[in-house]
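# Report on the structure
Below, each chain spelled out in residue letters.
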Amino acid sequence: MSWVYEASEPSVIDNDMLKSAVEEQGPEEEAGRIAKMEGIDFKDVVSLRLDFKNILKIDNLWQFHSLTKLQLDNNIIEKIQGLSSLVHLVWLDLSFNNIEKIEGLDALTKMQDLSLYNNRISLIENMDSLKNLQVLSLGNNNLTSLENIPYLRRFRFLRSLSLKGNPLSEDEQYKMYIAAHLPDLVYLDFRLLDENIRDIAKIKFQYSIEELGHNEALERHKQENEDQKQRELDAHKAAYVEFLNGPALFESLYAEDPDGVRLSTVPGLADIMEEYKSKCVAICQSIFEYGLSHHEKRQAEMSVFNECLQEAKMENQQTAAKKIQEFEEKHYELFYGNPQIADSQVLDSILFKCNEDILQLTDSLMLLEIQLVDQLEEIIKDYERNISDLVSVFLETVQGLMAQIRDLENHHNETLLDICIKIHEKFMRGEVDDDMSDDLRMLFLDKDTVVNSVGASHDIHLLKIDNREDELVTKINNWASNLIQKVQSDEVVRNRNRVTEISKYIDHLRDELDSLEMNEHM
């Protein structure tokens, strides 16, 4: 039995507890007094201790954006939760709690040191995202099987592992099994794994390790293929032509069309269906290839725009920096050289001239910023026009190709309807096809039923084609709108920041000048 900290009255992690904890662990003496007066912003806290607080549930930690170290040991926590916002967490201590399952750690990708010592955990699981894990403490839990150990092979940086106090640590093969299956592990239960044990373990478990390595290689290959497919799909989505490089659109026409599926089995329609599919897939492939090539054009246009933008900003910044440098070189002695000027009239004249130069510098810097704003406005307008033209050309071409698919569907519908009516007429004459299913025969007993079924199928197909076209149009229009909106928004922010920067610099110069004037009259 492992000892677990118990408390009669569970506590809740609320703002009062968090504030108290932050203040207790904050700076001391005068710095601490000032911090308490002004308050400490939770988002700036990097380390937090909440041990021995009778906490039952992890909650209200979303405000601690910068937290890297969190101590929650010696509480009565039953479930790992409420940590998804702590994406910078590197060190987490959840030892001496009542946790039964490893979970809720998916967002903690920077985690290096994790302690779950003295809980009720029976399975090592749900830690796949902890790619940077180096230290793991799982001692004094309910782990029973050594077969759970190979799971830890995925953590290639894992160097220290503690499992002592679990039932599996009583197995006579415990140390050898771990040494063999975790070849990069340095410390087990806080003791160094020596090379002699590793060598013996490698021989002892040679065949099982080879099989495990083979299976892992297959799994890695499978994962690499899946990752490659996902990268390709992401690229296709960025071009708004995902799943158009194949029969996906054609197959989707019949996915929710029972009448169409039934009609596709009509005798004599197989070759016509195959031709329809072939032509539809060919047009989809044209859309797909055009989409990818046009995406490259949009990317190229974005690249040219960013280069122009950066070039204009850099040139303007260099001109502004030169003017500031000229000013500071001219007045270096006044501001930085602590000049000893006994004649007050001379000093007044120097200060007056410096003040005039500050006004001139202000005008120069603000004029440069106005010129840059005008220049960037023209660049952005050209960019917006170019993007709009690219999108228009893209949509015109794609919608033309989509219209061809609609024409195919219309032609196929006319052909299908003609065939179905002829079959109905044969039925009326008593000429029944023996190869036709009973379900299909029932369809041809009534002309209206045939016509309605063909029409319903046709409507579904046109709707699917329209929806795919609308989806593409909406996505690329939203992209263009959001792109230009962001560019304009970024420029407004840049301009405000630059004006603020100039104002602060000028205010600094004026404060320095005022200080010199005050010193003159003292």
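A brief structural summary. (Residues numbered from 1 in each chain as written. Predicted model: local features only at pLDDT ≥ 70, side-chain atom pairs only at ≥ 80, totals over all residues. Heavy atoms only, no water.)

Before going further, it helps to spend a moment on the overall build of the chain. Per the secondary structure count, the chain includes 12 helices and 10 strands. Its C-alpha atoms give the chain a radius of gyration of 37 Å, more than 25% over the compact-globule value 24 Å for 522 residues. The dimensions of the chain, computed from C-alpha atoms along their principal axes, are 125 × 75 × 50 Å. Per-residue burial over the chain gives 39% buried out of 522 residues. Pairs at least 24 apart in sequence give 58% of the contacts found in the chain among residues at least 6 apart. Carbon and sulfur atoms make up 50% of the accessible area of the chain, which totals about 29900 Å². For the chain, the distance from the average position of its 55 positive side-chain charges to the average position of its 99 negative side-chain charges is 3 Å. (Helix = DSSP H or I, 4+ residues; strand = E, 2+ residues; numbered from the N terminus. Rg over C-alpha atoms; globule rule 2.2 N^0.38 Å. Buried < 20%, exposed > 50% of the residue type's maximum accessible area, 1.4 Å probe, protein only. Contact = heavy atoms within 4.5 Å. Areas by Shrake-Rupley, 256 points an atom, 1.4 Å probe, with all protein chains shown as cover. Lys, Arg positive; Asp, Glu negative; His and termini not counted. Charge placed at Lys NZ, Arg CZ, Asp CG, Glu CD.)

So, about the sheet that holds strand β7 (residues 135–137). Reading across the sheet, the 8 strands line up as β2-β4-β5-β6-β7-β8-β9-β10 and stay open at both edges, with mixed pairing between neighbours. With partners counted over all chains shown, the strands left at the sheet margins are β2 (47–49) and β10 (191–192), one partner each. (Pairing = 2+ DSSP bridges.)

Turning our eyes to something else, we now look at the packing of helix α6 (residues 248–255) against helix α8 (residues 270–330). Axis separation between α6 and α8 bottoms out at 8 Å; the angle between their running directions is 130 degrees. In terms of their interaxial angle, α6 and α8 are classed as oblique. Between α6, through L249, F250, E251, L253 and Y254, and α8, the contact on the second element is made entirely by M273, Y276, K277, C280 and C284. (Axes fitted to C-alpha atoms, helices over the stretch in contact; angles between N-to-C directions. Parallel < 35°, antiparallel > 145°, perpendicular 65-115°, else oblique.)

Approximately 510 Å³ is the volume found for the largest pocket. Lining the largest pocket are 15 residues, with K131, R154, E216, E219 and R220 positioned closest to its centre. When its residues are assigned to classes, the lining of the largest pocket shows 4 nonpolar, 2 polar and 9 charged. (1 Å grid on protein atoms, 1.4 Å probe; cavity = no way out; pocket = protein on both sides within 12 Å on 5 of 7 lines; lining within 4 Å. Points joined across faces, edges and corners; volume = space filled by probe spheres on them. Nonpolar A, V, L, I, M, F, W, Y, C, P; charged D, E, K, R; others polar.)

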